[in-house]
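# Coordinate inspection notes
One-letter residues, chain by chain:
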Amino acid sequence: MISRNELLKLIPSALDDTNLPLAGREQGKVRDWYDLPDGQRLIVTTDRLSAFDRILARAPYKGQVLNQLSAWWFEQTQDIIPNHIISIPDPNAAIVQTVAPILVEVIVRGYITGVTSTALWYRYSLGERNIYGYDFPEGLRKNAVLPEPIITPTTKGGVTGHDERLTCAEVVEKDLLDQQTWDQVQSAALAIFKRGQEIANKAGMILVDTKYEFGRAADGSVVLIDEVHTPDSSRFWKADSYEARFSAGEDPENFDKEFVRIAYAEKGYRGDGDAPSMPEELWASASERYITIYELLTGQVFEVGEYPVEERLIRNLKREGVMS
Ligand SMILES: Nc1ncnc2c1ncn2[C@@H]1O[C@H](COP(=O)(O)OP(=O)(O)OP(=O)(O)O)[C@@H](O)[C@H]1O
Ligand SMILES: [Mg+2]
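Keep in mind it's a predicted model, so treat the numbers as computed, not measured. (Residues numbered from 1 in each chain as written. Chains lettered and ligands numbered in written order. Predicted model: local features only at pLDDT ≥ 70, side-chain atom pairs only at ≥ 80, totals over all residues. Heavy atoms only, no water.)

This brings us to the environment of leucine 296. Within the fold, leucine 296 resides in helix α8 (residues 280-298). On the accessibility criterion, leucine 296 (36% relative accessible area) is partly exposed. (Helix = DSSP H or I, 4+ residues; strand = E, 2+ residues; numbered from the N terminus. Buried < 20%, exposed > 50% of the residue type's maximum accessible area, 1.4 Å probe, protein only.)

For helix α5 (residues 179-202), built from 24 residues, the straight-helix expectation of 34 Å at 1.5 Å per residue is met to within 8% by its first-to-last C-alpha distance of 35 Å. Positive backbone phi, at 80°, marks glycine 204, one or two positions downstream of α5. (Expected span 1.5 Å × (residues − 1).)

This paragraph deals with the sheet that holds strand β7 (residues 93-97). Read from one edge to the other, the open sheet built from 5 strands follows the order β1-β2-β3-β7-β6, with strand pairing classed as antiparallel. Each edge of the open sheet is held by one strand with a lone partner, namely β1 (26-27) and β6 (85-90). Bridge count between β6 and β7: 3 bridges; the pairing is antiparallel. For serine 87, the partnering residue across the bridge sits in β7 and is isoleucine 95. Along the sheet, helix α2 (residues 62-77) contacts β2 (31-36), β3 (40-45), β6 and β7; its crossing angle with β6, the most-contacted strand, is approximately 145°. In the packing of helix α9 (residues 309-319) onto the sheet, the strands contacted are β3, β6 and β7, and the crossing angle to β6 comes to about 125°. (Pairing = 2+ DSSP bridges. Contact = heavy atoms within 4.5 Å. Axes fitted to C-alpha atoms, helices over the stretch in contact; angles between N-to-C directions.)

In the vicinity of ligand 1 lie 16 residues, with Lys29, Val30, Arg31, Lys156 and Glu213 positioned nearest. A distance of 2.6 Å is found between an oxygen atom of ligand 1 and a backbone nitrogen or oxygen belonging to lysine 29. Take arginine 41: an N or O atom from its side chain is 3.1 Å from a nitrogen atom of ligand 1. Starting from 600 Å² of accessible surface for ligand 1 in isolation, the protein chains cover 88%. Sorting the residues of the shell around ligand 1 by element identifies β2, β3 and β7 as the ones contributing at least two each. Class assignment of the residues belonging to the shell around ligand 1 gives a composition of 6 nonpolar, 4 polar and 6 charged. (Near = heavy atom within 4 Å. Polar contact = N/O pair within 3.5 Å; in protein donor to acceptor, adjacent residues only side chain to side chain. Areas by Shrake-Rupley, 256 points an atom, 1.4 Å probe, with all protein chains shown as cover. Nonpolar A, V, L, I, M, F, W, Y, C, P; charged D, E, K, R; others polar.)

Remember, this is a structural readout, not a statement about activity or role.
This is the structure in C-alpha cells:
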C-alpha cells in the first residue's frame with residue numbers, strides 16, 4: 001500500500017470539488033454531478049469526508065475507493081436487481097442513468113448498535129422496546145446480532161432536512177411508495193444485504209448495517225442507485241475478534257468511518273457547534289482504512305489513480321467523448 005508519508009503529502013491536493021466545463025453542476029456532501037444528454041448523469045466522487053452531517057476534511061483516494069468499490073458491488077449484485085451504472089470513465093467517476101429517486105432511505109441492520117439518534121442501540125438504551133415497529137426483548141446487549149436482518153427506513157431528508165424514522169408500514173401509509181413497489185424494494189434490499197454479508201465474511205469482515213437508495217427508471221422499473229456497501233454507507237467489523245470482544249463487553253474493531261467520530265468524541269465533540277481541528281494523521285489513516293477495506297472486500301490490489309485528479313478526469317472524459 002501507498003505509504004503514510006505519501007498520503008500525508010497528498011492531502012493538500014486531494015479532490016475537494018470539481019469545476020468541469022459541463023452544464024448543471026450540483027453537489028452533495030461527497031459527490032458532484034453534472035447532467036448529460038439522454039437521461040444520463042456524470043457522478044464524480046470527491047475526497048470529501050463527512051461526518052456529523054458536515055464536511056470535515058479531504059482524504060486522498062477516498063473518492064476513488066468509494067467509486068470503484070461501489071462499481072464492484074453493483075456488479076456483484078446485478079443478478080438481484082438492476083443498477084444505475086452505465087460506465088466508469090475514470091477511477092473517480094461514473095456515468096449513470098438519472099432516475100427519479102425514491103424518497104426512502106432503506107437501512108438494513110444485522111446487529112443492534114450505534115449511538116446516533118436513529119440507531120437501534122441508542123433507542124434501546126433509552127428504554128424503547130418497540131423500535132421502527134419491531135418488538136425487542138429485554139436484556140439485549142450492545143452489538144448483539146439480531147435473529148435476522150431488519151429494515152429500518154427513514155425519510156430521505158435532502159440537503160437540510162432531517163431523516164425521520166419510519167416503520168415499514170408507514171412507508172405505504174404516508175404515501176411514500178405503493179405497497180407493490182415497497183415489497184419489491186424490501187426483498188431486493190434484504191437479498192443484497194445477504195449477498196454483502198456472505199462476501200464480507202469471506203474477507204474476514206462483518207457487514208453490520210448499511211443504507212441503500214433506489215430510484216425509478218423512465219420505464220418504471222426499480223433500480224439500485226447511489227453507493228453500495230462502502231465504508232461511508234455501511235458499518236464493517238472485524239470478524240475474528242468480534243466474539244471475544246462482545247463477550248468481554250468491548251466494542252468490536254471497526255473498519256468504517258466510526259473511528260473518525262470516536263476521535264472527535266475523545267476531544268469532547270459530538271456534532272454541535274464548530275468542529276475542533278484534527279491532526280492530518282487522522283485523514284491519512286482514513287485513507288489507509290478506505291484502501292484496506294477495498295482490498296479486503298474485492299480481493300484486488302488498489303491501484304492508485306494519478307493526481308491531481310481533475311486533470312486526469314478531464315483527459316478521461318474527453319477520451320470517452322463525454323466532453324469535447
Ligand atoms: N442515478 C441517480 N439518479 C438520481 N439521483 C442519484 C442517482 N445516484 C445518486 N443520486 C443522488 O445523488 C446524490 C449523491 O450525492 P452525495 O452522496 O454527495 O449526497 P449526500 O450528501 O449523501 O446527500 P443525500 O443526503 O442527498 O444523500 C444523493 O442525493 C443521491 O440520492
Ligand atoms: Mg450520499
